[in-house]
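Survey of secondary and tertiary structure
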Amino acid sequence: MKQVIAGNWKMNGAPDGVAGYATALRGAAAHTLLIVCPPFPLLPAFAAALAGSGVAVGAQDCHASAAGAHTGDVSAVLLKQIGALYVILGHSERRADHGESNAVVNGKVRAALAAGLVPIVCVGETEQQRDAGEAEDVVRTQLTHSLPAEFTGLVAYEPVWAIGTGRTPSEADVTAMHAAIRAALVAQFPATGATTPILYGGSVKPGNAAALLGLPEVGGALVGGASLNAADFLAIAANAPSV
Ligand code: PEP
């Protein structure tokens, strides 16, 4: 399976940046699956600019309902209609900024699947939890409660303390956590858990991508800050192993 390199633009970007970025990605070698996840208003422009390129477009959140009185929210159904194929769910910034519990994430994952979107579900421990030796238990609990029985899609392991900080876990810690996630997925989803891609996220840069992406059970990367620059994003993808 190709490695997946997904860019999470968060609350960044502007309309005048779409065409150049899309052109740069269109010209890239395709030994990875690239996914761009811009803010909602840029999704239609990205979907149009990347149509037929093999580069996919994803959203950063969706609501658990298909429609209704939810001011400011966006449904998975609408995201699918405007060209998104993927949706990031349960990102630690949503869990922290919007109080999203595992149960809320679970509802969003079900809505995404019902709408035909592929969820990228984020899990990860805080620094305090890691220091207390609770990291694997925290992540296992997130998986158990965030993923519904019908889950298919991707999981992203993103230690909260590594996001946007320039810090990354040791290679041994990434390897141990990805092994723990794989075991949990196989136990929870006997039919699909062995092949669910597990991305690593948290301060992935061109300079550390080869080491991180080469670790066992790392199926790609979820990239925040470095995805805003097309050259850096492509340099990360270039460092993914070919399969
Ligand atoms: C993220 O927010 O998903 C992320 C991994 O951010 P960064 O790469 O900037 O650490």
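Anyway, here's the lowdown on the structure attached to this text. (Residues numbered from 1 in each chain as written. Predicted model: local features only at pLDDT ≥ 70, side-chain atom pairs only at ≥ 80, totals over all residues. Heavy atoms only, no water.)

Observations regarding the packing of helix α5 (residues 102–115) against helix α7 (residues 135–146)
For the pair α5 and α7, interaxial distance at closest approach is 8 Å and the crossing angle is 45°. Considered as vectors, α5 and α7 are oriented oblique to each other. Along this stretch, α5 crosses α7, giving a crossing that reads as right-handed. Of the residues in α7, those in contact with N102, A103, V105, N106 and V109 of α5 are T141, Q142, H145 and S146. A class-by-class count of the residues in the contact of α5 with α7 yields 3 nonpolar, 6 polar and no charged. (Axes fitted to C-alpha atoms, helices over the stretch in contact; angles between N-to-C directions. Helix = DSSP H or I, 4+ residues; strand = E, 2+ residues; numbered from the N terminus. Parallel < 35°, antiparallel > 145°, perpendicular 65-115°, else oblique. Left-handed = near helix turned anticlockwise from the far one by under 90°. Contact = heavy atoms within 4.5 Å. Nonpolar A, V, L, I, M, F, W, Y, C, P; charged D, E, K, R; others polar.)

A closer look at the nonpolar core
Counting residues in hydrophobic clusters, the biggest one holds 61 residues, and the most contacted among them are I5, L25, F46, L79, L143 and I181. Not counting residues up to four positions away in its chain, the partners in contact with L143 are V123, V155, I181, A184, L185 and Q188. Ranked by size, the runner-up nonpolar core spans 13 residues in total, among them V4, I35, I88 and I120. (Core = buried A, V, L, I, M, F, W, Y, C linked by side-chain atoms within 4.5 Å. Buried < 20%, exposed > 50% of the residue type's maximum accessible area, 1.4 Å probe, protein only.)

Digging into the pairing of strand β6 (residues 154–157)
As a general feature of sheets, a regular strand has side chains that alternate between the two faces. Of the two faces of β6, the one holding L154 and A156 and the one holding V155 and Y157 are both buried throughout. Across 4 bridges, the pairing between strand β5 (residues 118–123) and β6 is parallel. When the sheet's bridge partners are listed, I120 is paired in β6 with L154. Where β6 meets strand β7 (residues 198–201), 3 bridges bridge the pair, whose relative direction is parallel. The partner of Y157 across the bridge, within β7, is Y200. In this fold, β6 hands off to helix α8 (residues 171–188), which returns the chain to β7; that crossover is right-handed. (Pairing = 2+ DSSP bridges. Right-handed = clockwise from strand over helix to strand, strands pointing away.)

Structural notes on unusual backbone geometry
A negative phi holds for most residues other than glycine; trans holds for most peptide bonds. Its identity is not glycine, yet K10 carries a phi of approximately 55°, on the positive side. Of note, K10 is situated in the loop between β1 (3–8) and α1 (18–26). Despite not being glycine, E217 shows a phi value in the positive range, around 70°. Mapped onto the secondary structure, E217 falls in the loop between α9 (206–213) and β8 (220–223). Judged by its relative accessible area of 36%, E217 falls in the partly exposed class.

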